[in-house]
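# Commentary on secondary and tertiary structure
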Amino acid sequence: MHTTIEELDAQAQDILIEYEGRDLKPRERIQIPLQEMPSQDPAIRVKNMEEVALGYTEAQVKAEALRCLQCKNKPCIAGCPVAIDIPAFIAEAAEGNFAKAAAIIKESSLLPSICGRVCPQESQCQLPCTVGKSLKDVDLSVSIGRIERFVADWARENKKETTPEVGPATGKRVAVVGSGPAGISAAADLRRAGHSVVMFEALHKAGGVLVYGIPEFRLPKTIVEHELKTLTDMGVEIRRNYLVGKTRTIKDMLGKDGFDAIFIGSGAGLPRFLNIEGENYVGVFSANEYLTRSNLMKAYDRDHSRTPIYNSHRVAVFGGGNVAMDAARTAKRLGAENVTIVYRRTEAEMPARKEEVAHAKEEGIEFLLLHAPLKIVADAKGRVNGVELITCELGEPDASGRRRPVEIPGSEKVHDFDTVIVAIGNDSNPLIHATTDGLEVNRWGNFIVDEETLETSIKGVYAGGDIVLGAATVILAMGQGRQAAKAMNEYLATL
Amino acid sequence: MNTILSKERLSAEVFRMEIRAPEIAEARKPGQFIILQMGGEYDERIPLTIADASVERGSITLIFQAVGESTHRLALLEVGDTIANLLGPLGMPTEIKHYGKVVCIGGGIGVAPLYPIVEGMKRAGNDVTVIIGARTKELLILEDEMRAQADRLIVVTDDGSYGRKALVTEPLKELCQREKIDCVVAIGPPVMMKYVSLTTAEFDVHTIVSLNSIMIDGTGMCGGCRVIVDGKTKFACVNGPEFDGHLVDWDNLLLRLSTYRDVEEEAHHRCHIGLEIKEGEA
């Protein structure tokens, strides 16, 4: 049964009556029940694109913050890629000092509204949480991400945010390539140091994967626009429709255009396919294409968008990550009657955030686990009408530490699908590497950088995010953007 | 940015626009394309091959056929208007070098992107024969421009209303029979490029084609433009748009181009309503 936001709020009010204002012992704090994230009713939300998770109410955020033990050793901070002072902001949230809480987060993270929504907290800050450890269940850890989201949203909606201060002009010019999470965080820190910063984006809208990849129902685009506006308010110039490597080479930007340093955060951006038979039939899409049509080009709004999206009834999504969940849930919202995640391992090995998997299930997405695609079949017109799958079992752990799926001979079967979405990750985009002599990459095409400074093999050129990490997360990309900006600021000071 | 400097109607449904875009003009090479988006929240991204460019004027020239809703709307823009979003140059340039005897073939609107290649091939010292074709005389474009560049020009129309009544493959085959051709470049409808490739394969003549597969971003990110070349999946936007015509899986390309045909036909019909281009003219 779906619990409404009003019901959840009433429960939180009761908790506050019982616990608020008292000097609580850790044992009592642990007894406070975890606050569920209010969400749109699944039956309703599969028919709209609006955000699924509604965010805590004020009572809920206080109740959840009371669960925090304020541990001396602060294990959660070590779990955060940008080392936010988590206990400090939670303590402020518990007191209702939301502006203060938001300011504490902003010291370390530029995009809390976004990270509160898309970070995989269960494998980061919430993994070592003492509350979760005591209750022997990571899902019962303090909901750090939900509290973060609340205070960030509160500060934005109540206009209590502070635009980061910009230092005195240094006269140095810096280019930031790509306007996704890595580029945004690098640009902010470079600008704060007083450099003139120009950010280059290839698409007609800035935001990178936050705009073309992550759907509206998980990350409203108005939030991304707001964060980008903070950058422009700080004086960062954003140039859209500019493809570095094509419109201009890195060498020309350093030479002719006079940039003193460049940060490249161009993303992974080259979808991987399985290389199985039938993958180029009509009705097979990369998740990037499917999501870009829906998100960036607004194809979900069929009455208005001039970009078409495929009419699907039975959709198979290959993959088990967040992107696979996003694609599956988008297909469902676009009217597909049956959407199935096909994953060759089990749910335990799925890289997607637990919340996304749970939301997908609530929305009626089916999960065909321990199945691997062998080939895609089509009708006489080349339109997909089935996928041959083979059943797997789990064998020994592989290099990633996850148990390797082993195909069971003789278990092949053709399943009835009219659409296939391939969401098995991305390779590095080759454009910059192909047009930049001396830029070293590894065998997957990821830029090779100095571990500490993130400088590439070219002096003054730094890189971070997926172009270095392979397909990773928003927060890791942000962390690298900041790490590179720090080294760049030091480098620029020597010029 | 991206201001329309001049506009000309080359035929009932074909328009030429010169657009101010100094950075693209400087970087572009023959064979490359741009993607434009008209600026509205719901507007699509349209790939168009660059027909010409002038570094001095800081401009590029696009020649396009009003075939769909978006190209119709583009055709309604006037001198002084701006194109909100213009990205380029995209794709790999044509491999222009000294081949010897080169035949450049353009069909329909494909004559436009062929023009800078003809120019380049001439500049590289090749003997260049140009074959241009269209369904009918009204749709023929750039005849004078091509005549000025080419060593010889052959004009064909499907209905014989102008030039020779033939498909481009007929004069091509005769040329191949008569002398050793070193390279053929063909740009036009996929079916034309397919039959050009089949024709030249008989004579073992290296053939370059430019593929117009469906794409969104044009930077390699979406993979919608993938084509099968020599049995391998390639992305037309970053690996192409030009490929060896003898290695392209034409049937797959034609299938993939039909992906949204049902949706597009509906939109095409709708787009004539309210636009000044009459049904039947485009």
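Remember, it's a predicted structure, so these values are computed and weren't measured experimentally.

Criteria and thresholds
- Residues numbered from 1 in each chain as written.
- Chains lettered and ligands numbered in written order.
- Predicted model: local features only at pLDDT ≥ 70, side-chain atom pairs only at ≥ 80, totals over all residues.
- Heavy atoms only, no water.
- Helix = DSSP H or I, 4+ residues; strand = E, 2+ residues; numbered from the N terminus.
- Contact = heavy atoms within 4.5 Å.
- Areas by Shrake-Rupley, 256 points an atom, 1.4 Å probe, with all protein chains shown as cover.
- Lys, Arg positive; Asp, Glu negative; His and termini not counted.
- Charge placed at Lys NZ, Arg CZ, Asp CG, Glu CD.
- Rg over C-alpha atoms; globule rule 2.2 N^0.38 Å.
- Buried < 20%, exposed > 50% of the residue type's maximum accessible area, 1.4 Å probe, protein only.
- Patch = residues over 30% accessible without salt bridge, like charges linked within 9 Å, V, L, I, M, F, W, Y side chains within 5 Å.
- Salt bridge = Lys/Arg side-chain N within 4 Å of Asp/Glu carboxyl O.
- Polar contact = N/O pair within 3.5 Å; in protein donor to acceptor, adjacent residues only side chain to side chain.
- Nonpolar A, V, L, I, M, F, W, Y, C, P; charged D, E, K, R; others polar.
- Pairing = 2+ DSSP bridges.
- Right-handed = clockwise from strand over helix to strand, strands pointing away.
- Domains from an automatic or database assignment.
- Buried area = accessible area lost by both parts, 1.4 Å probe.
- Disulfide = S-S within 2.5 Å.
- Phe/Tyr/Trp six-rings, centres within 6.5 Å; stacked < 30°, edge-to-face > 60°.

## A look at the overall build of chain B
Helix and strand counts for chain B come out as eight helices and 15 strands. Taking contacts inside chain B between residues at least 6 apart in sequence as the whole, the part at least 24 apart equals 65%. Counting every atom, chain B has about 11200 Å² of accessible surface; 49% of that belongs to carbon and sulfur. Here chain B contributes 30 positive and 42 negative side-chain charges, whose respective centroids are spaced 4 Å apart.

## What about the overall build of chain A?
Secondary structure summary: chain A contains 20 helices and 16 strands in total. For 495 residues, the compact-globule estimate of 2.2 N^0.38 gives 23 Å, and the C-alpha radius of gyration of chain A, at 23 Å, lies within 12% of that figure. Counting only C-alpha atoms and orienting by the principal axes, one finds that chain A spans roughly 65 × 65 × 50 Å. Put simply, chain A has 495 residues, and 61% of those count as buried. Summed over its atoms, the accessible surface of chain A is roughly 19900 Å², and 50% of this surface lies on carbon and sulfur atoms. Treating the 59 positive side-chain charges of chain A as one cloud and the 68 negative ones as another, the clouds have centres 2 Å apart.

## Describing a nonpolar patch on the surface
A cluster of nonpolar residues, V191, Y195 and L198 of chain B, forms a patch on the protein surface that exposes about 280 Å² of accessible area. Mapped onto the fold, Y195 of chain B is located in helix 6 (residues 190-203).

## Observations regarding helix 17 (residues 354-362) of chain A
All names here are of chain A. Within the span of helix 17, buried status applies to E355, E356, V357, H359 and A360. Residues of helix 17 that are buried make contact with helix 3 (42-45), helix 10 (144-157), helix 16 (322-333) and strand 9 (366-369). Following helix 17 by one or two positions, G364 has its phi on the positive side, about 90°.

## Topic: unusual backbone geometry
Residue and element names in this part refer to chain B. Cis geometry is found at the peptide bond from G88 to P89, where omega equals -5°. Positionally, P89 belongs in strand 6 (residues 85-90). Cis geometry marks the peptide bond from G240 to P241, where omega comes out at 10°. Within the secondary structure, P241 is located in the loop between strand 14 (232-235) and strand 15 (242-244).

## Topic: the interface of chain B and chain A
Quoted interface sizes are often the accessible area lost when the parts come together. Contact residues are listed per partner, giving 45 residues for chain B and 45 residues for chain A. Connecting chain B to chain A are seven salt bridges. Of the charged contacts, one joins E41 of chain B and K205 of chain A as a salt bridge, the two residues approaching to 3.4 Å between their closest N and O atoms. If you look at where chain B meets chain A, you find 25 residue pairs in polar contact (both at pLDDT 80 or more). Taken together, the elements giving at least two residues each to the side of chain B that touches chain A come down to helix 1 (22-27), helix 2 (69-75), strand 6, strand 13 (226-229), strand 14, helix 7 (250-257) and helix 8 (261-271) of chain B. For the side of chain B that touches chain A, the element with the highest residue contribution is strand 6 of chain B, accounting for six residues. A per-class count over the side of chain B that touches chain A returns 19 nonpolar, 14 polar and twelve charged.

## Thoughts on the pairing of strand 1 (residues 173-177) of chain A
All names here are of chain A. Counting buried residues in strand 1 gives four out of five residues, a clear majority hidden from the surface. As paired strands, strand 1 and strand 2 (residues 196-200) are joined by five bridges and run parallel to one another. Opposite V177, over in strand 2, you have F200 as the bridge partner. Note that the unit made of strand 1, helix 11 (residues 181-192) and strand 2 has a crossover that is right-handed. Both strand 1 and strand 4 (residues 261-264) contribute to a ladder of four bridges, which runs parallel. When the sheet's bridge partners are listed, V177 is paired in strand 4 with I264.

## Here's the deal with the domain arrangement of chain B
Residue and element names in this part refer to chain B. Taken domain by domain, chain B comprises domain 1 (2-90) and domain 2 (101-210). With centres defined by C-alpha atoms, the gap from domain 1 to domain 2 works out at 24 Å. Each partner contributes residues to the interface: domain 1 has 16 residues there, and domain 2 has 13 residues. Three residues stand out in domain 1 for area buried against domain 2, namely P30, A51 and I63, and they jointly supply 30% of the buried area on that side. Across the contact surface, domain 1 and domain 2 share one salt bridge.

## Side note on the state of the cysteines
On inspection of all chains with the given rule, the structure shows zero disulfides over all chains. You can see C119 of chain A has no disulfide; the closest cysteine sulfur is in C115 of chain A, sitting 4.3 Å from it. Judged by its relative accessible area of 6%, C119 of chain A falls in the buried class. Its sulfur unpaired, C237 of chain B is 3.8 Å from the next cysteine sulfur, which belongs to C225 of chain B.

## Topic: the environment of E165 of chain A
Its location among the elements puts E165 of chain A in the loop between helix 10 and strand 1. The sequence separation of E165 of chain A and N97 of chain A amounts to 68 residues, and the corresponding C-alpha distance is 22 Å.

## Points about the packing of aromatic side chains
What the rule picks out here adds up to ten aromatic pairs over all chains. Seen in terms of ring centroids, F285 of chain A and Y290 of chain A are 6.2 Å apart; in terms of plane orientation they differ by 50°. Their pairing is tilted. Each of the two residues, F285 of chain A as well as Y290 of chain A, counts as buried. Pairing Y310 of chain A with Y260 of chain B gives two aromatic rings, centres 6.4 Å apart and planes at 85°, and the pair type is edge-to-face. In this pair, Y310 of chain A is assigned in the loop between helix 15 (287-295) and strand 7 (314-318) and Y260 of chain B in the loop between helix 7 and helix 8, connecting two distinct chains. Residue classification places Y310 of chain A among the buried positions, given a relative accessible area of 7%.

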